2 protein chains.
Amino acid sequence: MFLNLFTECSPSPQLPGLWRHEKDVTSEGYRSLEHWSSLAKRLEAASFDALFFADTHGVFDVYQGSWAPAVRHAVQIPAIDPVLVVPIVAAATKHLGIAVTYSTTYHQPYQCARLFSTLDHLSAGRVAWNIVTSYLSSAADNGLGEPLAHDERYDRAEEYIAVVRALWERSWDDGSVVRDDETGLFADPTRVRQIDHEGRFFRVRGPHQCEPSLQRTPVLYQAGASTRGIAFAARHAEVVFVTMGEPKSGARQVAELRRQAAAHGREALKVLQGSLVIVGRDKEEAKAKGKLLAALADKEGELAKWCGWTGFDLAEYQDDAPIAEIRTEASRSALGMLTRANPDRTWTVSDLRYFVSMGNRPRRRNGLFGTAAEVADRMEEWMDVAGVDGFNLLPCPPSSGVADICDLLVPELRRRGLFRKAYDPMERTLRERYFGAGIRRYDAWASPVAGAAGPRPEADV
Amino acid sequence: MFLNLFTECSPSPQLPGLWRHEKDVTSEGYRSLEHWSSLAKRLEAASFDALFFADTHGVFDVYQGSWAPAVRHAVQIPAIDPVLVVPIVAAATKHLGIAVTYSTTYHQPYQCARLFSTLDHLSAGRVAWNIVTSYLSSAADNGLGEPLAHDERYDRAEEYIAVVRALWERSWDDGSVVRDDETGLFADPTRVRQIDHEGRFFRVRGPHQCEPSLQRTPVLYQAGASTRGIAFAARHAEVVFVTMGEPKSGARQVAELRRQAAAHGREALKVLQGSLVIVGRDKEEAKAKGKLLAALADKEGELAKWCGWTGFDLAEYQDDAPIAEIRTEASRSALGMLTRANPDRTWTVSDLRYFVSMGNRPRRRNGLFGTAAEVADRMEEWMDVAGVDGFNLLPCPPSSGVADICDLLVPELRRRGLFRKAYDPMERTLRERYFGAGIRRYDAWASPVAGAAGPRPEADV
């Protein structure tokens, strides 16, 4: 079983209002390096695979057509840049992997390649890149890229991956860095080459600015759930992060992903289910903790978050407007969820607003609530029925929830032999932890990089 | 006296060939976090003001029209991203400042603002931004920005500064972050505002994605030496990094800078002279160390560096071509330097190639060579005659040169009362170290941020 902790560099990661919990330290700590060092050390002591950083650019300003609700409830704002927290986590640990979200929409591939090579050097091969293509229109309002249609974003992402992989995998040969004191040759330029990429979206000559790191290509994470997103994941991702409603229907989604991946010879990819976790010492404590969600969760914050995600402003419609009459992608998908709960009812905007404001409640089936034994049972069910390989755990509440996971849940999983008791010293890089000792490089198992080799420097001289 | 150590995240910072020195650890260490942690701790023990990171995007490919010479001698390639080393330095220290180069050409101001706010939060107010506008055409070959004319780059930089300062200084009021457990109000949106910038180069709405950090605006460094560069520094910079030939002529440059700064009410700005340092225990050891430069310095690497800087390919011309007949900015400036050395000679490309390949030798007058006492004398002369406030020291050789500076030179400067023996606990932020306890914010001494306040969210609701 693979375990990540899911977080964001924000006061109340994914859980509006929960920063108010009496044991909370995240709401101040998210911007201090001691906070991240100490979290990282705790996760390493529990032999977690990785700390996973989500991220957003811009601000959630869809609900009520304003960013005021997001600011009031710290919904992804304020949020510092997680890329800069990665080195702190790396410095505080020796084994813990670090997966960070980085958008193909806001940065040039040449920069992206240098950034992840740097992180992979500094962490000695422990970095993963969560590839995202999406954006908020408020990011475009801040000068970050022009809005692209969904499919066009994926076309661009395909080309982006080709460019960064070429920089990572075929610009510097193994052994190109010589460091020969005698002759004064640092690197052999005949073993370094340009990539000469000329595509629809990018023109990148190379060579790559960094020498090869242990993994060369970071472990590739992806979380797309759309048709294009699943196709993209099947072709490129090594670890897919899903958030499914319940194990049985999830099984179909996972099977489809693996079927498509197998067509590319990549059935070994790992699937992690994202789950909110509340663990108690006993049923009573778990129940009491569950009540925190209700008592502390902020309804307006949940609305700001959901409307920001979906781009669908629930404040724009009359209370009694039937959702079926609203023709947006988000309303169709929400209606599907509500109809599964009760097919006979005419669901209105007011109903949807209620469910959204209750946060994860309508999807509580996918949550992990209870005693450590109950939660472990539930995790086994997810693995058996849905066929997932592990979990991306969202701690609730943000601070003391981490302690509950590490002190209560992990010992139970270890007792059952579901989760490692210590890191395997043979698995030095994060990729080896997922795919076995010796599998350090992406092209060692996933697929060779496309395209011919570019010219060596002699061609220019 | 203010002291920085100058470095790059590259195997042989600024000194091609010197990675071959027997005590060198930089050529491997530049990509490991332990290297940077340990350097940072050593500098903090010597109560340095800051570690200064230079940087380049792209590759030096002007000399011989090829990047092969740069790759052979590790001239700015390989080079990891220094921005990601800043958090490691912050985590390893409590007082040391960290100045990092970041280009206004390759990143959007909205991203830049978030990045430096993040670093300022994580370091608790110890970050400086070395503002650069320049770029290599090879960066454009890699999809990083379109080449702009020199003056246009400065026009763009002026607008850039206005945008990032607005995000840092007037998007979130003091006290806007409330963290009120009772009411559930995290931040008060009526005290947060958009910046609504609409300019020639940028359109940025805001609000800023980060809450205010201790310094809000990082300490602003600048190193421009052109007419536009000096005007820009006089208007914006708090610390100006110069590399002058010798103290007497340097005095004129510093006086002109201060005169222009005074016109903006900013005469308090600090000027740091960049100097290569070789210190020995006695004259003999200093002499012997000096010989290292000659023995280990790589001539082809020096040519690759100089031609990359200037954009002027010295391999393109016949040996006996008179420099006076070449009409480029770089050749004119090089000819000026050579003519000052001997006005009667007809200087040729072959002569210039020789001097460039000898590295810093023709400008050795600006270097700091000798015993600790001799170097300290020379530093006093620089401060008295040229009117500089301190130094950005380039250690030579890269690794053991740091030890020489910390173990030999700093004790001598302390003995003379020229340099602090310990950090002043009242000066918590880097800006306070430069301008005095209590001066934490840029607008506390430099200049108010331009532009009117943007709308508060109520305007949208």
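What you see is a predicted model; the values in this text were computed from it and never measured. (Residues numbered from 1 in each chain as written. Chains lettered and ligands numbered in written order. Predicted model: local features only at pLDDT ≥ 70, side-chain atom pairs only at ≥ 80, totals over all residues. Heavy atoms only, no water.)

Peer 1: Residues and numbers for the environment of Ala324(B), please.
Peer 2: Relative to the assigned elements, Ala324(B) resides in the loop between helix H11 (299-310) and helix H12 (329-341). Considering only alpha carbons, one finds Ala324(B) and Leu335(B), 11 residues apart in sequence, at a separation of 7.0 Å. (Helix = DSSP H or I, 4+ residues; strand = E, 2+ residues; numbered from the N terminus.)

Peer 1: Explain the domain arrangement of chain A to me, using residue names and the numbers behind them.
Peer 2: Residue and element names in this part refer to chain A. Per the domain assignment, the segments making up chain A are domain 1 (2-295 + 363-444) and domain 2 (299-357). Computed from C-alpha atoms alone, the centre-to-centre distance between domain 1 and domain 2 is 29 Å. On the domain 2 side, the residues contacting the 14 residues of domain 1 number 15 residues. In total, domain 1 and domain 2 occlude about 1300 Å² of area from one another, counting both sides; carbon and sulfur atoms represent 65% of this. In terms of surface lost to domain 2, no three residues of domain 1 exceed Phe60, Val62 and Tyr63, which account for 47% of the buried area on that side. Taken together, the links from domain 1 to domain 2 amount to one salt bridge. Arg72 is the salt-bridge partner of Glu300, the closest N and O atoms lying 3.1 Å from each other. In terms of residue class, the side of domain 1 that touches domain 2 is made up of eight nonpolar, four polar and two charged. (Domains from an automatic or database assignment. Contact = heavy atoms within 4.5 Å. Buried area = accessible area lost by both parts, 1.4 Å probe. Salt bridge = Lys/Arg side-chain N within 4 Å of Asp/Glu carboxyl O. Nonpolar A, V, L, I, M, F, W, Y, C, P; charged D, E, K, R; others polar.)

Peer 1: Quick rundown of the packing of aromatic side chains? Include the residues and the values.
Peer 2: Under the counting rule described, the total for this entry stands at 45 aromatic pairs over all chains. In this structure, Arg345(A) packs its charged tip against the face of Trp347(A), placed 4.3 Å from the ring centre. (Phe/Tyr/Trp six-rings, centres within 6.5 Å; stacked < 30°, edge-to-face > 60°. Lys NZ or Arg CZ within 6 Å of the ring centre and 35° of its normal.)

Peer 1: Break down the side chain of Asp404(A) for me, with residues and values.
Peer 2: Residues and elements named next belong to chain A. On the secondary structure map, Asp404 appears in helix H15 (residues 400-415). Judged by its relative accessible area of 11%, Asp404 falls in the buried class. In contact with Asp404, not counting residues within four places along its chain, are Val279, Lys289 and Leu409. (Buried < 20%, exposed > 50% of the residue type's maximum accessible area, 1.4 Å probe, protein only.)

Peer 1: Describe the relation of the copies chain B and chain A, and please don't skip the residues or the numbers.
Peer 2: Two copies of one chain are present, and they are related through a rotation about an axis combined with an axial shift. With an RMSD of 0.0 Å, the fit of chain B onto chain A corresponds to turning through 180° and sliding 0.0 Å along the axis. Look at the turn and shift together and you get a two-fold axis relating the two. Counting the interface residues of chain B, we find that 100% of their copies in chain A are interface residues as well, pointing to one common contact surface. (Least-squares fit on C-alpha atoms with pLDDT ≥ 70 in both.)

Peer 1: Requested: an account of helix H5 (residues 109-122) of chain A, with residues and values cited.
Peer 2: Because each turn of an α-helix spans 3.6 residues, side chains separated by three or four positions in sequence point in the same direction. All names here are of chain A. Between the first and last C-alpha of H5 there are 20 Å, a value that for 14 residues agrees with the 20 Å anticipated at 1.5 Å per step. Most of H5 sits inside the fold, with 14 of its 14 residues counted as buried. Ala124 sits one or two residues past H5 and shows a positive phi near 55°. (Expected span 1.5 Å × (residues − 1).)

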